[in-house]
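Understanding the architecture of this molecule
If you want the building blocks of each chain, they are given just below.
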Protein chains: 2
Amino acid sequence: MSYATLQNITELSASRWQEQAKDPRTAQLMSSLVRHLHEFARENALSMEEWFEATEWLSRTGQITNDTRKEFILLSDVLGLSMMLELLHDSKPDEATQNTLLGPFYIPGSPEIPYGGRLPGIGDDDGIPLILSGTVRGLDGEPIAGATIDVWQNDHTGIYEAQMPEGSPVLCRAIQHSRDDGSYMFRTVMPVDYSIPTDGPVGELFAKTDISDVRPAHIHFKVGAEGHPTLVTHIFDRQSTRLESDPVFGARDGLLVDFIEQEAGTAPNGDAIDRPYRVATLDFALV
Amino acid sequence: MSYATLQNITELSASRWQEQAKDPRTAQLMSSLVRHLHEFARENALSMEEWFEATEWLSRTGQITNDTRKEFILLSDVLGLSMMLELLHDSKPDEATQNTLLGPFYIPGSPEIPYGGRLPGIGDDDGIPLILSGTVRGLDGEPIAGATIDVWQNDHTGIYEAQMPEGSPVLCRAIQHSRDDGSYMFRTVMPVDYSIPTDGPVGELFAKTDISDVRPAHIHFKVGAEGHPTLVTHIFDRQSTRLESDPVFGARDGLLVDFIEQEAGTAPNGDAIDRPYRVATLDFALV
């Protein structure tokens, strides 16, 4: 008979899940989870009270979660786990555009805009206008025609459409298809720094630290083309002072872009812009 | 500048929580948690899809939790973590009565019953009558008078009062104080094997395994006396075939008790019992 002792309980629990799981993956994941959880508790001499408090915190994390707010994903993000998994499964060669987090604000089915067009919801007087253009290519350098460029970002006030009430108009998201020479161009607005949600359990954790809750401004992309795996990434302003302290560890060297200031005048897309604006060039290299 | 790479992301995340926490315990626990989570994910090459599914499962685990149902505690129990913590913080000498899990069904404020009295809610014809008696002592062997023996268990149908609708009558729980010679005695009913709740996320996990969800029958105790730390434990029938497969790993060698069968007749507490019943002797040795 083998009952639990401090010496055998970890092996007893891990081997039960290992041996009695119906499939090998469940066996592997559950036994590994048991070992790491036990090791975490032993290593820190976790007290009963701390663990009880943690289970209550985990419960609240589930309870605040709904279709649009995913608090466990946010937790995973701020622990660096989401980014680690991105990197772990990124086996792309160096010359391919780097991927990064999808983030919680993606909305599928954005409206199509033409070459040079403007993202919906951006008015003439909103924020700092930005013209973004570039070419979609394969790793061989050949342009890819008809690639789908799905773009989303926050507006000049820091709001993503996904944070607005349901039924709100389309805001700062669109799809454009690359032209025959692989080129794309659209007008948008400079995205702004914003805080991750801190009114829930993750915010409780942050309140016990001095960790910054401010994400550096960025623009998200999903770029797909037939025969190429879809690239999910975002780009950052190289001048941002928030890159290193990004609470979700999203910044990567290859994703920093220069947003170059321009005088008022006729923009590359033909728009007459009555005040300073910016331009950025961004080529996508798809695997 | 140090942005995330597969090589540095774990250290980057762990050291952020380590260095920016406001108190040393948060620093220790969070950085250790980051390291173990990352190691778990790397070791198993956890896929994005698996992790997303896990976060949805964690959310459901929080959402089914309420004041009386604690699914994260149940999860902790079936992973052997709760029992591990019990053992980790058990520094009692060998001669002290062993502790084990409190379990989810404890209700404070049970009614007092006299020496020899019966647990409320047990009728003459219910299950197999059981007379439980013994002495509360200190480690020096001296009897402890006036010790509080708080007892709770399921009834012969397998139901704990805590599983009944709110406002149900008191069922199978009571408090008795030891007499001047440290002795106690009460009449109850043989507890029965029962299943942990499997209609929630923990049940989903169990469905992927052949792990038994049946706990061996047991009787819970909280025994306290002035100047002694409160003992929380339960006792098991030594004859049970479910001890080794206890889904929450609660059984310990020192907690197995002989429930000895007796012919119908006058029981030790003076009751006339018209069919076979059992008696068990259980001394509590308090630190």
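Rules of the game
Residues numbered from 1 in each chain as written. Chains lettered and ligands numbered in written order. Predicted model: local features only at pLDDT ≥ 70, side-chain atom pairs only at ≥ 80, totals over all residues. Heavy atoms only, no water. Pairing = 2+ DSSP bridges. Helix = DSSP H or I, 4+ residues; strand = E, 2+ residues; numbered from the N terminus. Buried < 20%, exposed > 50% of the residue type's maximum accessible area, 1.4 Å probe, protein only. Expected span 1.5 Å × (residues − 1). Contact = heavy atoms within 4.5 Å.

A word on the sheet that holds strand β8 (residues 228-237) of chain B
Residue and element names in this part refer to chain B. Strand order in the open sheet formed by five strands is β3-β2-β7-β8-β9, with mixed pairing between adjacent strands. Strand pairing shows two members of the sheet lacking a second neighbour, β3 (173-177) and β9 (256-257), which therefore form its edges. As judged from the two bridges shared by β8 and β9, these two strands associate in the parallel manner. Bridging from a neighbouring strand, Phe-236 pairs with Leu-256 of β9.

Section: unusual backbone geometry
Residues and elements named next belong to chain B. Despite not being glycine, Cys-172 has its phi angle at roughly 55 degrees, a positive value. Relative to the helices and strands, Cys-172 resides in the loop between β2 (148-153) and β3. Judged by its relative accessible area of 0%, Cys-172 falls in the buried class. Non-glycine residue Phe-249 carries a positive phi angle of around 60 degrees. Within the fold, Phe-249 resides in the loop between β8 and β9. By relative accessible area, which is 4% here, Phe-249 ends up buried.

Quick word on helix α3 (residues 48-63) of chain B
For α3(B), which comprises 16 residues, the first-to-last C-alpha distance of 23 Å matches the rise-based estimate of 22 Å (1.5 Å per residue) to within 8%. Within α3(B), burial applies to Trp51(B), Thr55(B), Trp57(B), Leu58(B), Ser59(B), Thr61(B) and Gly62(B). Looking at the packing, one finds that the buried side of α3(B) touches α3 (48-63), α4 (71-78) and α5 (81-88) of chain A together with α4 (71-78) and α6 (201-206) of chain B.

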